[in-house]
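An overview of the molecular structure
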Amino acid sequence: MLRGKLIVKGSSHSLVRPAPSAFQRRAATPCRQSRRHTEPNLCGSWAGRPLTAVQLQSSRSSRRQGRQRLLTQDCGILGIFKHQGDASAEIYEGLLMLQHRGQDSAGMVTTDGERFREHKDNGLVREVFQKQRTLSNLAGSSGIGHVRYPTAGSLTAQEAQPFFVNSPLGIYLIHNGNLTNPEPLRARLSSSQSYFSRHLRTESDSEVLLNIWADEIHRAHQRYQSSGGTDPGAKKADFVLEAGEAMMKLLEGAYSCISLVKDVGLVAFRDPHGIRPLVLGKRHSRHGDEWCVASEDCAFGPIGFERVRDVQPGEMIIIDKNGQLTSRQCARGGWVCPCIFEYIYLARPDSVLNNISVYNFQLGLGTRLARRILDTQWKIDCVVPVPDGSRPAAIQISAVLGLPYREGLVKNRYVGRTFIMPDQRIRELSVRRKLNAMPTVFAGKNVLLVDDSIVRGTTMRQIVGMVRKAGAKKVYLASASPPVRWPNVYGVDMPTRKEFVACDLDENQICQVLGADGLLYQTLEDLLSVGQELNPAVRNFEASCFTGKYITAGVDSDYLAGLENSVRQVARSQTSKSEALAPGTAGTI
């Protein structure tokens, strides 16, 4: 039987309810918490009936007029299981390899099977864990780590991951993606519809996801007891998997998650569409197989793991204390439908996601774009990439066209990626610090600038101006992706249409706004065909930012209007307007 203590602090209401079982009382107690540790959630009222699908749907309109949504980040997540020795140093190294996926905060939690040890804060990985004793205090042979950039809502360390619930069992969770139905789920958790009425301390949908899962674990245990089960302690992993099936029926949106569950092990799962990536790696030790799960397999090499496969859409994996891997298909969502923007911009070129090499994908984009450039009347002297993500496409374009490839834009590598910076004003100021145009390359030349994508257009407009100032006669632009016209609601920081340079403009008008002499976009057909040729098993991609077609339920005009009206987007718009009026500062297009 499971035994433990239930401690409720500061409870302001008394409850009359059946005495909780030992399973319900179980609580794993974190220790050696950093000053940024998020306190466990507290449990309140007793169980009721679950919300039906109709009730979940009907509550959607009311929540759009109430609570402001917090979009989850496009993040980097990683988990490691070892047989012996502390995992913290290797988690640290893995997070460094995923730093490109988030620069706002970092967090880590480890366990020795008895206690959790946690540290998280705002900042880069090396800043958050810069003190040697921080990693030394994170003892335990299993652990998970997270890097974040925010797309909306609070930027405080309280919103940083991992998130924790102390009941049932004790669960830490990290999440990459974004739920599109957090408010009906939040309402479910805070009412008698929940097994326990759960108090949520943040606006994060990751915390909602964690508590929905925890609630379903309680239900699985209750069903076991009601059926006459006598040894729930031996069924903990079964409860977790059963709860995974129930959870995936409730969640809408994108989620790739890794978790530590007390007395169960390292758990990883992915949404039924496989929108966000999640990859499984393995290495051999003299004690047996050791495992790593990460957003990208580029994290595996420096810490000695080899890629095994992708976690499948709708799959949940458990790695127990002995290193034994158990897998269950918790939801059957059909064919994988990964986010196309992972291959264009977000992922590193040395990663392989859904059996598609990111580097080969970007080379393919260059090949197709070069064919279309041949049909133009542009007289081009050299091909120049906008560093860093467009290099593979630019190299391929120069090879196909037989033109010189030149590095004409020198990057200051101590400035972060502008696309994932949380504030528009910071992005605009950062461009001038980040890139410098070399007159040696541009003076007197007709140049083709190649970029992986043109989203807001503010960065490109400034780059075109810099290149002209460096002496270029003509500046042509080629985008390796189609025009971005719709928000990505699955965890990428481009939530409103008003910010897109391509919103309501055709290609010629966009070219004028950017100040270029010519502009060519990749076609959607060519974009999708590159991925499908590299892996025919991927029948379709999540490409809503180009098409406006969303693969999950509930993303309609009302939902998108709610994004436009969110608090942070209003603040962004106001900041952009003030910057547009400021002398010497490029405004938002």
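Everything discussed here concerns the structure shown above.
Now for a description of the structure that goes with this document. (Residues numbered from 1 in each chain as written. Predicted model: local features only at pLDDT ≥ 70, side-chain atom pairs only at ≥ 80, totals over all residues. Heavy atoms only, no water.)

Comments concerning the overall build of the protein
- In terms of regular secondary structure, the protein is built from 19 helices and 22 strands.
- Within the protein, the proportion of its 589 residues that are buried is 60%.
- Considering only contacts within the protein whose residues lie at least 6 apart along the sequence, 73% involve residues at least 24 apart.
- When the accessible area of the protein is evaluated, it comes to approximately 22400 Å², of which 49% is carbon and sulfur surface. (Helix = DSSP H or I, 4+ residues; strand = E, 2+ residues; numbered from the N terminus. Buried < 20%, exposed > 50% of the residue type's maximum accessible area, 1.4 Å probe, protein only. Contact = heavy atoms within 4.5 Å. Areas by Shrake-Rupley, 256 points an atom, 1.4 Å probe, with all protein chains shown as cover.)

Some thoughts on unusual backbone geometry
- Omega for the bond connecting S167 with P168 falls within 30 degrees of zero, at 5°, which places this linkage in the cis form.
- Located in the positive-phi region is N354, a residue other than glycine, with phi close to 55°.
- With respect to the helices, strands and loops of the structure, N354 is situated in the loop between β15 (352–353) and β16 (356–357).
- Judged by relative accessible area, N354 falls into the buried class, the value being 6%.

Focus on the sheet that holds strand β22 (residues 518–521)
- Taken together, four strands build an open sheet; the order of strands is β17-β20-β21-β22 and the sheet is parallel. Each edge of the open sheet is held by one strand with a lone partner, namely β17 (382–385) and β22. Each adjacent strand pair in this sheet contributes to an overall mean axis angle of 20°, direction not counted.
- Sheet topology places strand β20 (residues 446–451) next to strand β21 (residues 474–479); six bridges connect them, and they run parallel. Residue pairing across strands places V450 opposite A478, the latter belonging to β21.
- Along the sheet face, helix α11 (residues 391–401) touches β17 and β20 and points at about 170° away from the line of β17. (Pairing = 2+ DSSP bridges. Axes fitted to C-alpha atoms, helices over the stretch in contact; angles between N-to-C directions.)

A short note on the environment of V513
- As for its placement among the helices and strands, V513 is situated in helix α15 (residues 507–514).
- The spacing of V513 and V501 is 12 residues in sequence and 8.2 Å in space, taken between C-alpha atoms.

Some thoughts on α15
- Every buried residue belonging to α15 is among I510, C511 and L514, and all of these are buried. For α15, the buried positions fall inside an angular range of 105° around the axis, keeping them on one side. Residues of α15 that are exposed and point over 90 degrees away from its buried face: N508 and Q512.
- The distance from a side-chain oxygen at the start of α15 to the backbone nitrogen of N508 is 3.2 Å, and the residue carrying that oxygen is D506.
- One or two positions beyond α15, positive phi appears at G515, with a value near 80°. (Arc of directions from axis to C-beta. Polar contact = N/O pair within 3.5 Å; in protein donor to acceptor, adjacent residues only side chain to side chain.)

Regarding the packing of helix α6 (residues 182–189) against helix α7 (residues 205–226)
- Contact geometry for α6 and α7: axes closest at 10 Å, N-to-C directions at 45°. When the interaxial angle is binned, α6 and α7 end up oblique. Relative to α7, the crossing made by α6 is left-handed. Contacts between α6 and α7 involve P182, L185, R186, R188 and L189 from the first element and D205, V208, N211, I212, D215, E216 and R219 from the second.
- Broken down by class, the residue content of the contact of α6 with α7 amounts to five nonpolar, one polar and six charged. (Parallel < 35°, antiparallel > 145°, perpendicular 65-115°, else oblique. Left-handed = near helix turned anticlockwise from the far one by under 90°. Nonpolar A, V, L, I, M, F, W, Y, C, P; charged D, E, K, R; others polar.)

Overview of the pairing of strand β11 (residues 288–294)
- Buried residues dominate β11, accounting for five of its seven residues.
- As paired strands, strand β10 (residues 279–285) and β11 are joined by seven bridges and run antiparallel to one another. Note that in β11 the partner of L280 across the bridge is V293.
- Between β10 and β11, which pair antiparallel and follow one another directly, the connecting turn spans two residues.

A few points about the sheet that holds strand β6 (residues 163–165)
- Read from one edge of the open sheet, six strands run β6-β7-β8-β9-β13-β14, paired in antiparallel fashion. At either end of the open sheet lies a strand with only one pairing partner, and these are β6 and β14 (325–329). Averaged over neighbouring strand pairs, the angle between their axes works out to 20° when direction is ignored.
- Looking at chain direction, β6 and strand β7 (residues 171–179) are connected through three bridges and run antiparallel. The residue bridging F164 from the neighbouring strand is Y172, located in β7.
- Against the sheet, helix α8 (residues 236–250) makes contact with β8 (253–261), β9 (265–270), β13 (315–319) and β14, and its axis sits at roughly 160° relative to β13, the strand it touches most.

Thoughts on the nonpolar core
- If you look at the biggest cluster of nonpolar residues, it comprises 77 residues, and the most contacted ones within it are F129, F341, I373 and L448.
- In terms of residue count, the dominant contributor to this core is helix α10 (residues 358–373) (six residues).
- Setting aside chain neighbours within four positions, we find F129 in contact with Y92, L95, A106, G107, M108, H119, T134, L135 and L138.
- The next biggest cluster of nonpolar side chains, apart from the first, holds 36 residues, and it includes L200, Y224, M316 and A331. (Core = buried A, V, L, I, M, F, W, Y, C linked by side-chain atoms within 4.5 Å.)

A word on the pattern of salt bridges
- With the rule as written, the count across this model stands at 30 salt bridges.
- The residue D263 makes a salt bridge to K262 at a minimum N-O spacing of 3.0 Å.
- Classification of D263 as partly exposed rests on a relative accessible area of 38%.
- Assessed through its relative accessible area of 5%, K262 is described here as buried.
- Notably, a salt bridge pairs R307 with D297, separated by 3.4 Å at the nearest N-O pair. Highlighted residues: R307 in strand β12 (residues 306–310) and D297 in the loop between β11 and β12, separated in sequence by 10 residues.
- What emerges from the salt-bridge pattern is a single network uniting R188, R198, D215, E216 and R219. (Salt bridge = Lys/Arg side-chain N within 4 Å of Asp/Glu carboxyl O.)

Functional significance is not addressed by these values, which are geometric in nature.
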